[in-house]
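What follows is each chain in one-letter form.
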Amino acid sequence: MIKIKAKDVDVFYGKKQALFNISLDIEENQVTALIGPSGCGKSTFLRCLNRMNDVIDICSVKGEILINDFNINDKSCDVVRLREKIGMVFQKPNPFPKTLYENVSYGPTIHGMAQSKQEMDEIVETSLKKAALWEEVKDRLHEPGTGLSGGQQQRLCIARAISVRPEVILMDEPCSALDPIATAQIEELIDELKKEHTIIIVTHSMAQAARVSQNTGFFHLGQLIEHGSTDKIFKNPDNTKTQDYITGRFG
Amino acid sequence: MNLILFTFIVLLGFTSYYFGRKKAYTIQSTKKRLTALPQFYGYYLSIWCAIPAFIIFSLWAIFEPTIVKLLILSDYSNQGYLDDELNLIYEKTKALSRGQFTGEITPFIEASAEKYLSLRSIAQSSKVVIVLSAIIASVAYAYKRISSNSRTREPVEKFLNAVLFTASLAAILTTVGIVFSLIFQTIDFFKVIPLFDFVFGTHWYPAKAFVRDSSEALDPTMYSDTFGAVPIFAGTFFIAFIAMCVAIPIGLMSGIYLAEYASYKVRQYAKPLIEILAGIPTVVYGFFAALTVGPFLKELGTSMGLEVSAESALAAGGVMGIMIIPFISSLSDDVITSVPQSLRDGSYAMGATKSETIKRVIFPAALPGIVGSILLGVSRAIGETMIVVMASGLAANLTLNPLESTSTITAQIVVILIGDQAFGDPKTQAAFALGMSLFLVTLCLNIVALRVVKKYREKYE
């Protein structure tokens, strides 16, 4: 099943073009990794998928991005509803300066998803459980989220993202600020989450892409050079640039 | 003379820097490795020049007058003069030597004045000689001592540390000095006026104290019901409250607009424009309040059938609020802008709108800073003098009606201290008592503010 279909996406920062003609299909309930050297546009592409580029004044996006066959770049698209359906986890853990509970209940509150305190408690608990954080924090839900370790903070951000039961989760280098143990925990978590969510992850680590993803897209200088199943990209890429990047000859 | 000497010493300092560095370069050219960069050798020599100069100058400043006085007055010893008379003779001598003496000139004093002048010139020239020779000796000693492995970096760093420490010490000592001068005058004041009457009295009428002829004996009973500070404290807080009612909402909202909503271009022009408000002298605000806002409110009130005083608390407080807007607006703008973009992204990515993000994420994160800016505004409101003096009258009415005139602590201090005042009199000491209580109030306010800010910091960081 194709969940997201990008067609001829161009992105401009002012006059500078950052992405050229990107067309990419993303499979439902699978992990798609976007790899490529720094500045190649993979994060920019990721931010197109929940229209986070709207936040940047000078950024403009052209082309069609269909999610469930609906073009999110259309004027009729409600960004609030879109972002409810498409969660995002950032490179640096960014818990709000609030308690753990308030962090996780933030999304459900602004989208009016819980009718009672009890319902909210349940949402918080299941989200934290899914993010494999519940056991560690269940006794201190009302302490600040910023007091956790880096890895815990990132899992808190994942719990926050899944609290509104999004269909898609975008992850922008979620492990780049974490140590190997925390990274392993997050990767395990990603594997678990793909049962219910479609996941797109931007990563600098080729090993990580190989470990967690089923599909991989390789970006270079704002172009999508090659995409396909992770197995094929890593073992038998069509393009020599992909081959060079994966074997570490550049980038 | 001192100025020329000082300039010369500064020049010597630069020269020793040059020589120190030059010697370092010479050492370097012999392929020896230096323990510090060549500049440090220069600084090191400059310090050796500055320290003896500073020590000798301060010693001179402390001891020269005393020694000269002793020498002059030694002529008059054993003649049975009292200490006070000796002091008078010395003052006359000094005045005559400056050519400012107008009384009868006795030969004794004339002789002393001549001696005084010659002593001064000896002191002056010996100072020049001693300072210069001390500098040259110490610089020469240090110059000889420096070699490739002499430690120059540590002394230079220590010297800088000491200079910076002295600077902060000066600021602290000044504060302590001011507080002490307040304390002693305040204690004197409370010897005459009971503390209870001051703190709980409801009549503030210092004019009553002005009618006393200072030659009359001091009779504490005549001051009962004169220095009751309740009305002016109430007036101070009342006017500050009105000011904050104007300043907090407008300042905060414009700060949020500038930080979150305004486009780059709007912000570029709007922010300096708002900050211009902060540059207007308070006197200008004062006559704006007294001549424009006050009469306008009076007319408006009359047309609605209300009794409005031309000098009302509302006019003073309102204009004061306008004066405080730029502080709150500009500071909260800075605080909100410094909230990390990652928090905004996190909130937007959850599907929050701009206003939700501001209300639920940015505002709480910026709260310590915003509270800080508000409290800064409050202490400005409490300390503001000119607007109140000009626009709210000087009669200390105990009232909560914003349309009547009322007065504040600072305005009353002005009233009390304007013109010639006798020191050691309760009416002038009242100003010190008021200043002391104002100081205590703002101190408490600052302590509370720091506590609040710290508590929020702990919660959110």
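About the criteria used
- Residues numbered from 1 in each chain as written.
- Chains lettered and ligands numbered in written order.
- Predicted model: local features only at pLDDT ≥ 70, side-chain atom pairs only at ≥ 80, totals over all residues.
- Helix = DSSP H or I, 4+ residues; strand = E, 2+ residues; numbered from the N terminus.
- Buried ≥ 20, exposed ≤ 12 C-beta atoms within 10 Å, placed from the backbone.
- Contact = placed C-beta atoms within 7 Å.
- Rg over C-alpha atoms; globule rule 2.2 N^0.38 Å.
- Nonpolar A, V, L, I, M, F, W, Y, C, P; charged D, E, K, R; others polar.
- Axes fitted to C-alpha atoms, helices over the stretch in contact; angles between N-to-C directions.
- Left-handed = near helix turned anticlockwise from the far one by under 90°.
- Core = buried A, V, L, I, M, F, W, Y, C linked by C-beta atoms within 7 Å.
- Pairing = 2+ DSSP bridges.
- Domains from an automatic or database assignment.
- Expected span 1.5 Å × (residues − 1).
- Arc of directions from axis to C-beta.
- Parallel < 35°, antiparallel > 145°, perpendicular 65-115°, else oblique.
- pLDDT = per-residue confidence, 0-100.

Asker: How would you summarise the overall build of chain B if you had to cite specific residues and measurements?
Answerer: The secondary structure content of chain B amounts to 16 helices and 0 strands. Across its three principal directions, the C-alpha atoms of chain B cover 80 × 80 × 35 Å. Out of the 461 residues in chain B, the part that is buried amounts to 32%. Considering only contacts in chain B between residues 6 or more positions apart, those separated by 24 or more positions represent 76%.

Asker: Before we move on, can you summarise the overall build of chain A with the specific residues and values?
Answerer: In terms of helices and strands, chain A carries 10 helices and 10 strands. The C-alpha atoms of chain A give a radius of gyration of 18 Å, which matches the 18 Å a tight globule of 251 residues would have. Each of the 251 residues in chain A was classed as buried or not, and the buried ones make up 47%.

Asker: Break down the interface of chain A and chain B for me, with residues and values.
Answerer: Each partner contributes residues to the interface: chain A has 20 residues there, and chain B has 18 residues. Within the residue set of the side of chain A that touches chain B, elements represented by two or more residues are helix H2 (79–85) and helix H3 (100–110) of chain A. Taken together, the residues of the side of chain A that touches chain B break down into 10 nonpolar, 5 polar and 5 charged.

Asker: I'd like to hear about the packing of helix H1 (residues 2–29) of chain B against helix H2 (residues 38–73) of chain B, residue by residue, with values.
Answerer: Residue and element names in this part refer to chain B. Where H1 contacts H2, the two axes come as close as 7 Å, and the packing angle between them is 145°. The hand of the H1/H2 crossing is right-handed. Looking at the contact of H1 with H2 residue by residue, the classes come out as 16 nonpolar, 7 polar and 2 charged.

Asker: Lay out H3(A) in plain terms, naming residues and giving numbers.
Answerer: When you tally the buried positions in H3(A), you get 9 out of 11 residues, the bulk of the element. Residues of H3(A) that are buried: A:Leu100, A:Glu102, A:Asn103, A:Val104, A:Ser105, A:Tyr106, A:Gly107, A:Pro108 and A:Ile110. On its buried face, H3(A) sits against helix H4 (117–130), helix H5 (134–137) and helix H6 (150–162) of chain A together with helix H13 (354–383) of chain B. One or two positions beyond H3(A), positive phi appears at A:Gly112, with a value near 60°.

Asker: Outline the nonpolar core, listing residues and values.
Answerer: Grouped together as the largest cluster of nonpolar side chains are 136 residues, with contacts concentrated most on A:Ile200, B:Ala243, B:Ala316, B:Val319 and B:Ile387. Among residues more than four places away in sequence, those in contact with A:Ile200 are A:Ile26, A:Thr32, A:Leu34, A:Leu46, A:Leu49, A:Val168, A:Leu170 and A:Met171. In this structure, B:Ala24, B:Tyr43, B:Tyr44 and B:Ile47 belong to the second largest nonpolar core, which totals 16 residues.

Asker: Give me the lowdown on the sheet that holds strand S10 (residues 223–229) of chain A, citing residues and values where you can.
Answerer: Residue and element names in this part refer to chain A. Reading across the sheet, the 6 strands line up as S6-S7-S8-S3-S9-S10 and stay open at both edges, with mixed pairing between neighbours. Here the strands that pair on one side only, and so sit at the sheet edges, are strand S6 (86–89) and S10. For this sheet the average axis-to-axis angle between neighbouring strands, irrespective of direction, equals 15°. Strands S6 and strand S7 (168–172) of the sheet are contacted by H6, whose axis makes an angle of about 170° with S6.

Asker: A description of the domain arrangement of chain B should follow, citing residues and the corresponding values.
Answerer: Split by domain assignment, chain B resolves into domain 1 (2–151) and domain 2 (223–460). Here the C-alpha centroids of domain 1 of chain B and domain 2 of chain B sit 50 Å apart.

Asker: Tell me about the sheet that holds strand S2 (residues 16–27) of chain A, residues and numbers included.
Answerer: All names here are of chain A. Reading across from one edge, S2-S1-S4-S5 is the order of the 4 strands in this open sheet, with antiparallel pairing throughout. Of all the strands in the sheet, the pair left with one neighbour each is S2 and strand S5 (70–71). Two elements, strand S4 (residues 59–67) and S5, share 2 bridges in a ladder whose sense is antiparallel. Considered in S5, the bridge of leucine 66 is made with asparagine 71.

Asker: Give me the pairing of S4(A): which residues, what numbers.
Answerer: Residues and elements named next belong to chain A. Strand direction decides the pairing type here: strand S1 (residues 2–13) and S4, joined by 8 bridges, are antiparallel. When the bridges of S4 are listed, aspartate 10 appears paired with lysine 62. Linking S4 to S5, which pair antiparallel, is a turn of 2 residues; within it asparagine 68 sits at a positive phi near 50°.

Asker: For the pairing of S2(A), give the residues involved together with the corresponding values.
Answerer: Residue and element names in this part refer to chain A. As defined by bridge partners, S1 adjoins S2 across 8 bridges and the pair is classed as antiparallel. Residue pairing for S2: alanine 6 is matched across the bridge by leucine 24. What sits between the antiparallel neighbours S1 and S2 is a turn of 2 residues, in which glycine 14 has the positive phi angle 60°.

Asker: Outline the environment of A:Ala209, supporting the account with residue identities and numerical values.
Answerer: All names here are of chain A. Relative to the elements of secondary structure, alanine 209 occurs in helix H8 (residues 206–212). For the pair alanine 209 and leucine 24, spaced 185 residues apart in the sequence, the C-alpha separation amounts to 17 Å. For alanine 209, the contacting residues outside a window of four places in its chain are Ala33, Ile35, Thr203, Thr216 and Thr230.

Asker: Lay out the environment of A:Asp25 with the relevant residues and their values.
Answerer: Residue and element names in this part refer to chain A. Looking at the secondary structure, you find aspartate 25 in strand S2. Residue classification places aspartate 25 among the partly exposed residues on the basis of 15 C-beta atoms within 10 Å. Note: C-alpha distance between aspartate 25 and isoleucine 2 (23 residues apart in sequence) is 6.4 Å. Look past the residues within four positions of aspartate 25 in its chain and what remains in contact with it is Ile2 and Lys5.

Asker: Which residues make up unusual backbone geometry, and what are the values?
Answerer: The backbone phi angle of A:Asp8 is positive, close to 50°, even though this residue is not glycine. Backbone geometry places A:Leu221, a non-glycine residue, at a positive phi of 50°.

Asker: So what about helix H7 (residues 180–193) of chain A? Which residues, and what values?
Answerer: Residue and element names in this part refer to chain A. Between its terminal C-alpha atoms H7 stretches 20 Å, which fits the 20 Å expected from 14 residues at 1.5 Å a residue. Within H7 the residues assigned to the buried category are Ile186, Leu189, Ile190 and Leu193. Relative to the axis of H7, the buried residues are bounded by an arc of 105° and lie together on one face. In H7, those exposed residues whose orientation departs by more than 90 degrees from the buried face are Pro180 and Ile181.

Asker: Describe the packing of helix H10 (residues 282–303) of chain B against helix H11 (residues 313–337) of chain B, and please don't skip the residues or the numbers.
Answerer: Residue and element names in this part refer to chain B. Two elements in contact, H10 and H11, have axes separated by 9 Å at closest approach and are oriented at 135°. Viewed along their axes, H10 and H11 adopt a mutual orientation that is oblique. Relative to H11, H10 is oriented so that their crossing is right-handed. Between H10 and H11, the contacting residues are Thr282, Tyr285, Phe288, Ala289, Val293, Gly294 and Leu297 on the first element and Leu314, Ala315, Ala316, Gly318, Val319 and Met323 on the second. For the contact of H10 with H11, the per-class residue count stands at 10 nonpolar, 3 polar and no charged.

Asker: An account of the confidence of the model for chain B is needed here, citing residue identities and associated values.
Answerer: Interpretation of the predicted coordinates at a detailed level should be avoided for regions scoring low in pLDDT. Per-chain confidence: chain B averages 85 in pLDDT, with 94% of residues scoring 70 or above. Model confidence for the complex: the whole-complex pTM is 0.77, and ipTM, which rates the interface, is 0.91.

Asker: Run through the confidence of the model for chain A, naming residues and quoting values.
Answerer: On average, residues of chain A carry a pLDDT of 91, and 99% of them reach 70 or more. Averaged over each element, pLDDT in chain A is lowest for helix H10 (residues 240–246) of chain A (88) and highest for strand S8 (residues 198–202) of chain A (95).

Asker: Run through the environment of A:Gly217, naming residues and quoting values.
Answerer: Residue and element names in this part refer to chain A. Mapped onto the elements, glycine 217 comes out in strand S9 (residues 215–220). For the pair formed by glycine 217 and asparagine 236, sequence separation is 19 residues and the distance between their alpha carbons is 14 Å. Residues in contact with glycine 217, not counting those within four places in the same chain, are Leu24, Thr32, Leu34, Leu224 and His227.

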